[in-house]
Amino acid sequence: MCSGVYHQLAIKEIVLWCLLHFFLLLIKLIVAAAKMFWTALLSNSIVLPLKVAVWYHSHSHVIFAEIAHSDADLMNQSLLGVGLHRSKKAPNASHP
Ligand SMILES: [Zn+2]
């Protein structure tokens, strides 16, 4: 009987440990996502003018397509940034 009580206690501790580590992992993922966002935005901001410079000198259609690609990525990331910023706002009456 005693070992059964200890067994139940151990399971509860394991479940609590798993829940705690799940939430810690979730927090780490959120922090990593924010870092990834800024890294992607910075790298695209550097790559885009480089592609424009290469296209200016080469007039390559492939590089022009790459410019459109980087431009779309930048706009996409800007929208993501707006979403991340707005998601940090406190809830109010119209948006609980
Ligand atoms: Zn892309």
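Residues numbered from 1 in each chain as written. Predicted model: local features only at pLDDT ≥ 70, side-chain atom pairs only at ≥ 80, totals over all residues.

### Comments concerning the overall build of the protein
Line of reasoning, step 1. Per the secondary structure count, the protein includes 2 helices and 0 strands.
Line of reasoning, step 2. For the protein, the C-alpha radius of gyration of 24 Å lies well beyond 12 Å, the compact-globule estimate for 96 residues.
Line of reasoning, step 3. Here the C-alpha coordinates of the protein stretch approximately 80 × 40 × 15 Å along the principal axes.
Line of reasoning, step 4. Residues classed as buried in the protein amount to 3% of the 96 residues present. (Helix = DSSP H or I, 4+ residues; strand = E, 2+ residues; numbered from the N terminus. Rg over C-alpha atoms; globule rule 2.2 N^0.38 Å. Buried ≥ 20, exposed ≤ 12 C-beta atoms within 10 Å, placed from the backbone.)

### Considerations on the UniProt feature "domain: Cation efflux protein transmembrane" (unreviewed entry) in the protein
Line of reasoning, step 1. In the numbering used here, UniProt assigns the "domain: Cation efflux protein transmembrane" (unreviewed entry) feature to residues 38–96.
Line of reasoning, step 2. In residues 38–96, the share of helix is 81% and the share of strand is 0%. The end C-alpha atoms are 28 Å apart. (UniProt positions renumbered as here; feature names shortened; annotations may be inferred.)

### What to know about unusual backbone geometry
Line of reasoning, step 1. A positive phi is found at His59, a non-glycine position, where the angle reads about 55°.
Line of reasoning, step 2. Assignment of secondary structure puts His59 in the loop between α1 (2–58) and α2 (61–87).
Line of reasoning, step 3. Since 9 C-beta atoms lie within 10 Å of it, His59 is described here as exposed.

### Focus on the environment of Ile46
Line of reasoning, step 1. Summarising the element assignment, Ile46 is placed in helix α1.
Line of reasoning, step 2. Through-space distance from the C-alpha of Ile46 to that of Ala90 is 33 Å; in sequence the pair is 44 residues apart.

### Structural notes on the UniProt feature "transmembrane region" (unreviewed entry) in the protein
Line of reasoning, step 1. Here, UniProt's "transmembrane region" (unreviewed entry) annotation points to residues 14–34.
Line of reasoning, step 2. When the span residues 14–34 is considered, its composition is 100% helix and 0% strand, and the gap between its end C-alpha atoms is 30 Å.

### Observations regarding α2
Line of reasoning, step 1. Taking 1.5 Å of rise per residue, 27 residues should cover 39 Å, and α2 covers 39 Å from first to last C-alpha, within 8% of that figure.
Line of reasoning, step 2. Summarising burial for α2: 1 of the 27 residues are buried, a small minority. (Expected span 1.5 Å × (residues − 1).)

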